[in-house]
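# Descriptive analysis of the structure
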Number of protein chains: 2
Amino acid sequence: MNSSRNSPAPEPSVSTQPARRHLPVPFTAVDLQDELWAARQAVVRERTVPFLYGQYEKNGLFEALDVDRPPGPLRIPFNDRPTTAVMYWDSDIAKWIEMASYTLAEHRDPALEARVDDLIARIAKAQRPDGYFNTYFIRREPEKRWTNLRDWHELYCAGHLIEAAVAHAQVTGKSNLIDVIRRYADYIARVFGPGSNQRRGYCGHPEIELALVKLHRFTGDRRYLDLARFFVDERGRQPHYFDQEAFARGEDPAAQYHGTYEYSQSHIPVREQRKVVGHAVRAMYLYSAMADIAAEFDDASLIATCKTLWADLTTKRLYVTGGLGPSARNEGFTADYDLPNETAYAETCAAVGLIFWAHRMLLAEGDARYANTMELALYNGALSGLSLDGERFFYDNPLASRGGHRRWAWHRCPCCPPNIGRLVASLGQYVYSTAPGEAAVHLYIAGHARLAVDGLGVSLQQRTRYPWDGAVQLRVRAEQPVEFALRLRIPGWCRSARLAINGTPVDIASMMDRGYAHVRRRWQKEDGVNLQLDMPAERIYANPEIGADVGRVALKRGPIVYCLEAADNDAPVHRVALPRSNPIEPHFEPDLLTGVGVLTAEGVAVGGWKTDALYRTDPPGAQPIMLRAIPYSFWSNRDSEEMSVWIPEI
Amino acid sequence: MNSSRNSPAPEPSVSTQPARRHLPVPFTAVDLQDELWAARQAVVRERTVPFLYGQYEKNGLFEALDVDRPPGPLRIPFNDRPTTAVMYWDSDIAKWIEMASYTLAEHRDPALEARVDDLIARIAKAQRPDGYFNTYFIRREPEKRWTNLRDWHELYCAGHLIEAAVAHAQVTGKSNLIDVIRRYADYIARVFGPGSNQRRGYCGHPEIELALVKLHRFTGDRRYLDLARFFVDERGRQPHYFDQEAFARGEDPAAQYHGTYEYSQSHIPVREQRKVVGHAVRAMYLYSAMADIAAEFDDASLIATCKTLWADLTTKRLYVTGGLGPSARNEGFTADYDLPNETAYAETCAAVGLIFWAHRMLLAEGDARYANTMELALYNGALSGLSLDGERFFYDNPLASRGGHRRWAWHRCPCCPPNIGRLVASLGQYVYSTAPGEAAVHLYIAGHARLAVDGLGVSLQQRTRYPWDGAVQLRVRAEQPVEFALRLRIPGWCRSARLAINGTPVDIASMMDRGYAHVRRRWQKEDGVNLQLDMPAERIYANPEIGADVGRVALKRGPIVYCLEAADNDAPVHRVALPRSNPIEPHFEPDLLTGVGVLTAEGVAVGGWKTDALYRTDPPGAQPIMLRAIPYSFWSNRDSEEMSVWIPEI
């Protein structure tokens, strides 16, 4: 298919039929058994979950739950604004509970469950009689409750608690957390809303909106969905809530740290937004909620806005790794095509948030363009945030380093570890989805899934070495013969794919719909589907508007973006170049970094300077060198220093 | 000469005789008449001086002098430390007085003089009976005098007041400021020192040290020199003064904003320092004072330290423009070879400070390597801080911009404008120097100077179009025939120079001493010296350890570093490349930017993308384009956006 295309970038999107809204197959019904993700899930379960618990204990996060004790001195004040990292701690505890709950789905662990229950008991004990719960404001500044929605993350923390509660209830069936959190959500629904006795505010950091949609879907309670829509609709309206709130505090609204409401995507009403701006994580969480609300209310103007923003992000503001938000200053977006490599902020949480948004767009639209970006961020810009041992993390994910950029065990704003952790632990839900008469395979990951298509049980077994190989064998078992369309994603990077059903080749080109091979047939009790995705190593070039990448090339194979890391190369990474015509060879190295695909090519190392002069009129010399590239997301797992994704091409 | 060298970088430094310490010919005896600097001096006098006065007035700097009035609210608090920009304002007023005084040397201006005298009267009125003067601490926090030398810039402000007072007295002959400031200096000399009843402290921001040496040289009072040496010698000693001072404030010394005393070059005693570290301006001012003290006390260990630090800076940490201090975070130095272009901080004040240091090293050592760097910083990294109209400024001087980096009229830390202003206004003092039996020409700038060599008057007239042309005619007029060595600098960038005395060629190679042609002869009442410095356009390559510049080339002609600016080129600057073999042609354009040399070459523009995809597997196309480069320091004087010094070479 698509053999005439010489570029994977433009997505096929001929819509041959109206999109059907898909629902994800829940992670509880998907068992990953591959070499990569199953191993990462084990690491998150066995290492990240206990390690972060220990870190939280050491850094006083759990102490904060003892709301009856007077608080100690603030340990993590931020220097530069009237806020403190401690204000966000509830969200980290919540994300930890969410992550831990996901790991319990397939691996019951009474000790871990008891630990979770203990935290829940402390949360329940601390909850105020009216339902309010926020350890910072309960303990330190009770009079300031709801007085600075712009900066102080109260509703953001509530959102993460809601997500945690839904995950915990889903997996364990227990109601101890969801009951507490519903009381909080009910209270929030009383405080906020369009009524004359309600506050018309919304959180500076979106999160509660998507959480309320989850709570609605889990409980069936419509109030939560309406509140989510209220928060989305109010955002950016005039008179501006954050202005009024600042006046009420006796402050000048213009004195806010980031100088613009673009920072929190509240500069204009959401339906008028055309550019992806501001803090990248906030943007992704907001857009995710917008996609949710659009789907729930069939809101054409909102989904149109999402598509406009999607196009803006993916054609002007996204790193080749799926990372996003280039600037540390605002933890977010700057100008079109401003995608510097060494200083890339590209927060792990932003890539995780992009996956959330992409997943929602995919389910709503059924278009593989969203799955392509979701996969890109998953294998590269998000996964890079987690070390192989599960105990070291990246907050920012630059695409080049001269050394000194190392994974850390603790960060004063420790939001990323449980975010990538909860994503990995619940990854199963991103692999498949179903709709009336349809089942879709979005990601190729070896494993097993139990689907319900039109009420009938269908099991899918994937056998594949993806992402290291493009051959995928699917075994489809239906409890009785049933007709439905199996939608198989043909990844955007793939230029040639072949498909066979029970050994018989089929014409894949005629089946293509929005980037998926649409295999409609009457499935028998057991069928075999063989998909062969050609997966050569490729050179990727950047739009020359991206100044940082002009004259450079990135290496990619399948969904994996590669990088040169010092440990694998005999010349300093910043000194090498790759001649345009040299072939690039893929290999699998089972003993490297728990087993990864690598790419090798003959390159050139600039050198032969032989003087301590900084500058001279003689150009430096060059020697041939064998270059070896590893997957970007696996870098910084050894004692190595330099790394680069974009290699000068000569 | 040096025709066998193919690189200008290694400096000739065969010392054929011991260095004699030179003294500068004061700016009052040097009249610049060239196209570049004379025009800049006029702009500083006519525009910068009144413009900055107006800015200070508008921003409340002069109000601060009314110490009898209660202060208004703090206008310029810094967000992130227990300090405020207002704490530095005295230094800006002082630098303005210093700059204004210099302009009065050749252009008496009663209105300006009256304005200066008015400021001086206000300073005198505000001075405390004990001699103390600091508007911030007198007015706002009198109880905090001398309680935080590390952060609060009191002695730094005193230093600038001393420099202003010396300049004002030198030029006007008046004593109204120097008397006031000497009382302050005398008070400081009572408070600080090795005595048991004295404070063993020193300023976090070096400046007063070099100022006290100036005060000593002007007044002949030895106490000031001893105090300067005390401050230099105490720096970095244990127990650390800043530790003790923090304890006395009840603070944890480790809680300082920058986390390391390297920031203020007080991490170890100065003689043990081997690396150029920390805040770049602080480093340059400290090293300048160290060179002064080394010269005054003939202190071999101190001059050896200066030379070690010089080598570190110039072989590992200096931009090709003479800019320095790559990081905005600490306004200073990072790691060896870490010289990013777009994010280069390279503060204007740091380049000005490098000129101060280089000048002192040059006078002490007589080696052209120091003059070469002084000239480089002067024409490039420092001059870039001042707009052609004298009313716009750069604080940071990146070597590349994608747009958005514009000169500003006001900055919350407005230290750079009067710093580049005072340098330009007093530039005459950097051109010539004398020592017993010697006169030296360090810079080639058309104009006239009155020197005293061994007590005899000698006048020098330079005729040259330098830096646009390498031909220099010197007319030497002595009041009576006299033998002395005229030392003519052969710039480090020059690979071939010819010299003729009264029309007769001489063998320049045999005369070379530490980068100078050493022309010893009996000068008659009038002699003509013709120096021809070959000045081709050249390609400059960076040591490949500088990752940002690998595969790139900079263009230079004479002392001028060039850049591509959007206004002069038909393709976006970030998209162009320069084939290695294409010739580079110099031209002079009299109507461009008040008249500048430009370089042109046929280059290539990357483009032909024709899709909105960010990434693809097809490389972009390329078209030939004529590139035009202008002097780096002249950029951002038009409505242009992009700029780059380092051009990809293909």
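As shown above, the structure is provided for reference.
The following refers to the structure shown.

Residues and elements named next belong to chain B. Strand order across the open sheet formed by seven strands is E2-E6-E7-E8-E14-E10-E11, with antiparallel pairing between neighbours. Only two strands of the sheet have a single partner each, and these edge strands are strand E2 (30-32) and strand E11 (504-506). Pairwise comparison of adjacent strand axes, ignoring direction, gives a mean angle of 25° for this sheet. Direction of pairing for strand E6 (residues 447-453) relative to strand E7 (residues 456-464): antiparallel, over a ladder of seven bridges. Paired with Ala449 across the strands is Leu460, a residue of E7.

The next point concerns the pattern of salt bridges. All names here are of chain B. As enumerated under the stated definition, the model contains 112 salt bridges over all chains in all. Here Arg249 and Glu251 are joined by a salt bridge, their closest N and O atoms 3.0 Å apart. Ionic pairing is found between Asp513 and Arg487, a salt bridge with its closest N-O pair at 2.6 Å. Taken together, the residues Asp513 in strand E12 (residues 512-513) and Arg487 in strand E9 (residues 482-489) connect sequence positions 26 residues apart. This pair shows no difference in class: Asp513 is buried, exactly as Arg487 is.

Residue and element names in this part refer to chain B. Where E9 lies against strand E13 (residues 516-523), eight bridges are found, and the strand directions are antiparallel. Bridge pairing in E13 links Ala485 to Arg520. Where E12 meets E13, two bridges bridge the pair, whose relative direction is antiparallel. Counterpart to Asp513 in the pairing with E13 is Tyr516. Joining the antiparallel neighbours E12 and E13 is a turn of two residues, in which Arg514 adopts a positive phi near 50°.

Turning to the relation of the copies chain B and chain A, a few remarks are in order. You can overlay chain B on chain A at an RMSD of 0.0 Å; the transform is a turn of 180° with a shift of 0.0 Å along its axis. Both copies of the chain, as the preceding transformation shows, are related through a two-fold rotation axis. A shared interface surface links the copies, since 100% of the contact residues of chain B are contact residues in chain A too.

On the side of chain A, 50 residues touch chain B, which itself brings 50 residues to the contact. In total, chain B and chain A occlude about 4000 Å² of area from one another, counting both sides; carbon and sulfur atoms represent 57% of this. Taken as a group, Leu614(B), Tyr615(B) and Thr617(B) account for 21% of the area that chain B buries against chain A, more than any other trio of residues on that side. Summed over the shared surface of chain B and chain A, the result is four salt bridges. Glu545(A) is the partner of Arg575(B) in a salt bridge, and the nearest nitrogen-oxygen pair spans 2.4 Å. Between the two partners, chain B and chain A, sit 20 residue pairs in polar contact (both at pLDDT 80 or more). Within the residue set of the side of chain B that touches chain A, elements represented by two or more residues are helix H11 (300-316), strand E15 (537-542), strand E20 (596-607) and strand E21 (615-616) of chain B. With five residues, E15(B) is the largest single contributor of residues to the side of chain B that touches chain A. In the side of chain B that touches chain A, the residues fall into 24 nonpolar, 12 polar and 14 charged. Summarising the sheet, strand E15 (residues 537-542) of chain A and E21(B) pair through two bridges and their orientation is antiparallel. Directly across from Tyr541(A), in E21(B), lies its bridge partner Arg616(B).

The next point concerns the packing of aromatic side chains. Counted by the stated rule, this structure contains 71 aromatic pairs over all chains. Here the aromatic rings of Tyr132(B) and Trp146(B) are separated by 5.3 Å at their centres, their planes lie at 85°, and the arrangement is edge-to-face. Linking Tyr132(B) in the loop between helix H3 (110-126) and helix H4 (135-139) with Trp146(B) in the loop between H4 and helix H5 (154-172), this pair joins segments that are 14 residues apart in sequence. The class of Trp146(B) is buried, set by a relative accessible area of 3%. Each member of the aromatic cluster is reached from another via a ring pair, and the members are Tyr132(A), Trp146(A), Tyr184(A), Tyr187(A), Phe192(A), Phe230(A) and Phe231(A). Positioned above the aromatic ring of Trp523(B), the side-chain terminus of Arg521(B) is 5.0 Å from the ring centre.

The rules we used
Residues numbered from 1 in each chain as written. Chains lettered and ligands numbered in written order. Predicted model: local features only at pLDDT ≥ 70, side-chain atom pairs only at ≥ 80, totals over all residues. Heavy atoms only, no water. Pairing = 2+ DSSP bridges. Helix = DSSP H or I, 4+ residues; strand = E, 2+ residues; numbered from the N terminus. Axes fitted to C-alpha atoms, helices over the stretch in contact; angles between N-to-C directions. Salt bridge = Lys/Arg side-chain N within 4 Å of Asp/Glu carboxyl O. Buried < 20%, exposed > 50% of the residue type's maximum accessible area, 1.4 Å probe, protein only. Least-squares fit on C-alpha atoms with pLDDT ≥ 70 in both. Contact = heavy atoms within 4.5 Å. Buried area = accessible area lost by both parts, 1.4 Å probe. Polar contact = N/O pair within 3.5 Å; in protein donor to acceptor, adjacent residues only side chain to side chain. Nonpolar A, V, L, I, M, F, W, Y, C, P; charged D, E, K, R; others polar. Phe/Tyr/Trp six-rings, centres within 6.5 Å; stacked < 30°, edge-to-face > 60°. Lys NZ or Arg CZ within 6 Å of the ring centre and 35° of its normal.

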